[in-house]
Amino acid sequence: PLLVSFLYSTIINHPTLESALSFHLANRLSSPAMLSTQIMSLIREALDADPDFRRNLRADMLAVRDRDPACNCLPDVFLYFKGFHALQTYRVAHYLWRSGRRVLAHYLQSQMSQH
């Protein structure tokens, strides 16, 4: 019961895995320098621009679930595993880097390394 609102806002309220990822990562990466809504927009842009990102997101979740003995289910990977979050943030930052937005790529990397 304590985490119902967290689970609803992070997973259940979203129509797609990509939407949920954008929301969750943006909330983890936001700071006074950059709002979560701005970061969410960047994440969605990266996801929309690269079909491989969407496929790799799912493959990454399955790989963590299958290989990490501490993992019981896919929602655990999505919600709590920092390595998974770091990898998805890397994918967004890599997209930004290739798009010439290197300062934003560095910002995201820096924010993720603080968590």
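Keep in mind that this is a model prediction, so the values were computed, not measured. Throughout, residues of each chain are indexed from 1 in the direction in which the sequence is written. Thresholds applied to this predicted model are a pLDDT of at least 70 for local features of residues and 80 or more for the giving and counting of side-chain atom pairs; totals over whole chains, interfaces and linings are not thresholded and use all residues. Hydrogens and water molecules were not included; the side-chain quantities draw on all heavy atoms of the structure.

Glancing now at the overall build of the protein. Of regular secondary structure, the protein possesses seven helices and zero strands. Helices (α) and strands (β) of the protein occur, in sequence order from the N terminus, as α-α-α-α-α-α-α. All radius of gyration figures rest on C-alpha atoms, and the globule criterion is 2.2 Å times the number of residues raised to 0.38. Whereas a compact globule of 115 residues would reach a radius of gyration of roughly 13 Å, the protein reaches 14 Å, a difference of no more than 12%. Structurally, the protein occupies a C-alpha span of about 40 × 30 × 25 Å along its principal axes. Relative accessibility decides the category of a residue: with a 1.4 Å probe and only protein chains considered, values under 20% of the type maximum give buried, values over 50% give exposed, and everything between is partly exposed. Looking at the protein as a whole, 39% of its 115 residues qualify as buried. Looking at the protein alone, contacts between residues at least 24 apart form 56% of all its contacts between residues at least 6 apart. The helix and strand labels rest on DSSP assignments: H or I over at least four residues marks a helix, E over at least two residues marks a strand, and numbering proceeds from the N terminus. By definition, residues are in contact when any of their heavy atoms lie within 4.5 Å.

With that settled, the discussion passes to a nonpolar patch on the surface. Together, Leu2, Leu3, Leu7, Tyr8, Ile12 and Tyr80 make up a nonpolar patch on the protein surface, roughly 670 Å² of accessible area in all. It is helix 1 (residues 4-12) that contributes the most residues to the nonpolar patch, three residues altogether. Relative to the helices and strands, leucine 7 resides in helix 1. Each patch is assembled from residues with relative accessible area greater than 30% and no salt bridge, linking like charges that lie within 9 Å and nonpolar side chains (Val, Leu, Ile, Met, Phe, Trp, Tyr) that lie within 5 Å. Using the Shrake-Rupley algorithm and a 1.4 Å probe, accessible areas are obtained, with residue cover drawn only from the displayed protein chains. Salt bridge criterion: a side-chain nitrogen from Lys or Arg within 4 Å of a carboxyl oxygen from Asp or Glu.

Here we come to the pattern of salt bridges. What the rule picks out here adds up to five salt bridges. Notably, a salt bridge pairs arginine 58 with glutamate 18, separated by 2.5 Å at the nearest N-O pair. A residue pair is termed long-range when its members are at least 10 positions apart, and arginine 58 in helix 4 (residues 51-67) and glutamate 18 in helix 2 (residues 17-29) qualify at 40 residues. Close ionic contact of arginine 91 with aspartate 60 constitutes a salt bridge, the shortest N to O distance being 2.8 Å. Of this pair, arginine 91 sits in helix 6 (residues 82-98) while aspartate 60 sits in helix 4; the two residues are 31 residues apart in sequence, bridging distant segments of the chain. Assessed through its relative accessible area of 13%, aspartate 60 is described here as buried.

A word on the side chain of serine 31. Of note, serine 31 is situated in the loop between helix 2 and helix 3 (36-49). Taking the relative accessible area as the measure of exposure, serine 31 reaches 18% and is therefore buried. With residues near it in sequence (within four places) discarded, serine 31 still touches Tyr107 and Gln111.

We define the nonpolar core as a collection of buried residues of types Ala, Val, Leu, Ile, Met, Phe, Trp, Tyr and Cys that are connected through side-chain atoms lying within 4.5 Å of one another. Counting residues in each nonpolar core, the largest one holds 30 residues, and the members touching the most others are Leu21, Ile39 and Phe84. Those elements that place two or more of their residues in this core are helix 2, helix 3, helix 4, helix 5 (74-80), helix 6 and helix 7 (102-114). A per-element tally of this core places helix 3 first, with six residues. The contact partners of isoleucine 39, leaving out residues within four places of it in the chain, are Ala26, Leu29, Ser30, Met34, Tyr107 and Leu108.

Our next topic: helix 7. Residue count minus one, scaled by 1.5 Å, sets the expected span of a helix. Given a rise of 1.5 Å per residue, 13 residues ought to cover 18 Å, and the 19 Å separating the end C-alpha atoms of helix 7 matches this to within 8%. Among all positions of helix 7, only Ala105, Tyr107, Leu108, Gln111 and Met112 are buried. Each buried residue of helix 7 lies within a common arc of 160° when the element is viewed along its axis, so the set occupies one face. Turned more than 90 degrees off the buried face of helix 7, the exposed positions are Val103, Ser113 and Gln114. In this description, the arc belongs to the directions extending from the helix axis to the C-beta atoms.

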